[in-house]
Amino acid sequence: MKRQFAASVLSALLYAQGLLGFAGVASVLLKDRAHAEEMAVVEMAAPAVVKPAR
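Just so it is clear, the structure is predicted and the values come from calculations on it, not from any experiment.

Another point: the overall build of the protein. Regarding its fold elements, the protein presents one helix and zero strands. Looking at the protein as a whole, 0% of its 54 residues are labelled buried. Carbon and sulfur atoms make up 70% of the accessible area of the protein, which amounts to about 5600 Å² in all.

Structural data, given as structure tokens:
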């Protein structure tokens, strides 16, 4: 009985660790994507500097 309980607890911990790992990877990927979109918007919004012709 104790082995069954211990196996259940370990399985639950491994499952939770897998979910947290997946959430961590997803958050990093989404953060990078949001940062890339933010940089693209800033680059598009900035006016181009044109040197005057002589």
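Having seen the structure, we can now continue with the description.
Residues Phe5, Val9, Leu10 and Leu13 make up a contiguous nonpolar surface patch of about 420 Å² in total accessible area. With respect to the helices and strands, Val9 occurs in helix α1 (residues 2-45). By relative accessible area, which is 34% here, Val9 ends up partly exposed.

Criteria and thresholds
Residues numbered from 1 in each chain as written. Predicted model: local features only at pLDDT ≥ 70, side-chain atom pairs only at ≥ 80, totals over all residues. Heavy atoms only, no water. Helix = DSSP H or I, 4+ residues; strand = E, 2+ residues; numbered from the N terminus. Buried < 20%, exposed > 50% of the residue type's maximum accessible area, 1.4 Å probe, protein only. Areas by Shrake-Rupley, 256 points an atom, 1.4 Å probe, with all protein chains shown as cover. Patch = residues over 30% accessible without salt bridge, like charges linked within 9 Å, V, L, I, M, F, W, Y side chains within 5 Å. Salt bridge = Lys/Arg side-chain N within 4 Å of Asp/Glu carboxyl O.

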